[in-house]
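Spelled out, the chains give:
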Amino acid sequence: MSARYCEKCGKETEYKELIKQKPSQYGKSKKQQFNAFLSGFFGGVASPAGASLDLIDRYVVCLECGSKTLDNHGDEFQ
């Protein structure tokens, strides 16, 4: 585990990382879901390593108070 300053606790605490999938920018209809599939498929072919990184968010969670903070770094998380 790593130590990190927690604003809610006001001190250095241990934390864990949490990865969550971003909500889809596409709707729920079959046509929109098919467009989401095509976008993911062709995005994965063009850049296999970075294809899934734009679909996730990285959070850090304080083990003392449980506060969760979005902690995306770099272009791959934008």
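Scroll up to find the structure this text is about.
Rules and cut-offs
- Residues numbered from 1 in each chain as written.
- Predicted model: local features only at pLDDT ≥ 70, side-chain atom pairs only at ≥ 80, totals over all residues.
- Heavy atoms only, no water.
- Pairing = 2+ DSSP bridges.
- Helix = DSSP H or I, 4+ residues; strand = E, 2+ residues; numbered from the N terminus.
- Phe/Tyr/Trp six-rings, centres within 6.5 Å; stacked < 30°, edge-to-face > 60°.
- Lys NZ or Arg CZ within 6 Å of the ring centre and 35° of its normal.
- Axes fitted to C-alpha atoms, helices over the stretch in contact; angles between N-to-C directions.
- Buried < 20%, exposed > 50% of the residue type's maximum accessible area, 1.4 Å probe, protein only.
- Contact = heavy atoms within 4.5 Å.
- Disulfide = S-S within 2.5 Å.

Peer 1: How do you make sense of the pairing of strand 2 (residues 11–21) when you look at a structure like this?
Peer 2: The side chains of a regular strand alternate between both faces of the sheet. Alignment of strand 1 (residues 2–6) against strand 2, held across 5 bridges, turns out to be antiparallel. Note on strand 2: the bridge partner recorded for Tyr5 is Glu12. Remark: 4 residues form the turn of the hairpin made by strand 1 and strand 2, two consecutive strands paired antiparallel; Gly10 in that turn has positive phi of roughly 80°.

Peer 1: Please clarify how the packing of aromatic side chains should be interpreted in this entry.
Peer 2: The geometry of two aromatic rings is summed up by the distance between their centres and the angle between their planes. Under the defined criterion, the tally for this structure stands at 1 aromatic pair. It is Arg4 that lies over the ring of Tyr15; its NZ or CZ is 5.6 Å from the centre. A cation over a ring is seen here: Lys68 above Tyr59, with NZ or CZ 5.1 Å from the ring centre.

Peer 1: Could you clarify how one ought to interpret the sheet that holds strand 1 in this entry?
Peer 2: Think of a sheet as strands paired side by side through backbone hydrogen bonds, with each pair either parallel or antiparallel. Taken in spatial order, the 4 strands make up an open sheet running 1-2-3-4, and their pairing is antiparallel. Two strands in the sheet have a free side with no partner beyond their single neighbour: strand 1 and strand 4 (68–70). Geometrically, the sheet is characterised by an average inter-axis angle of 50° between neighbouring strands, direction not taken into account. Sheet topology note: the strand 3 (residues 56–62)/strand 4 ladder contains 3 bridges and is antiparallel. Note that in strand 4 the partner of Val60 across the bridge is Thr69.

Peer 1: How do you make sense of the side chain of Thr13 when you look at a structure like this?
Peer 2: Position of Thr13 among the secondary structure elements: in strand 2. On the basis of relative accessibility, which here comes to 5%, the residue Thr13 falls in the buried class. The contacts of Thr13, once residues within four sequence positions are left out, are Ser2, Ala3, Arg4, Cys6, Cys62 and Glu64.

Peer 1: Help me understand the state of the cysteines, please; the structure alone is not making it clear to me.
Peer 2: What makes a disulfide is a covalent bond joining the sulfur atoms belonging to two cysteines. The full count for this structure, using the stated rule, is 0 disulfides. Just so you know, Cys6 is unpaired, no disulfide at all, and the nearest cysteine sulfur is the one on Cys65, 3.7 Å from it. Residue Cys6 is classed as buried on the basis of its relative accessible area, which comes to 6%. Among the cysteines around Cys9, which has no disulfide bond, Cys65 carries the closest sulfur, lying 3.5 Å off. Judged by its relative accessible area of 28%, Cys9 is partly exposed.

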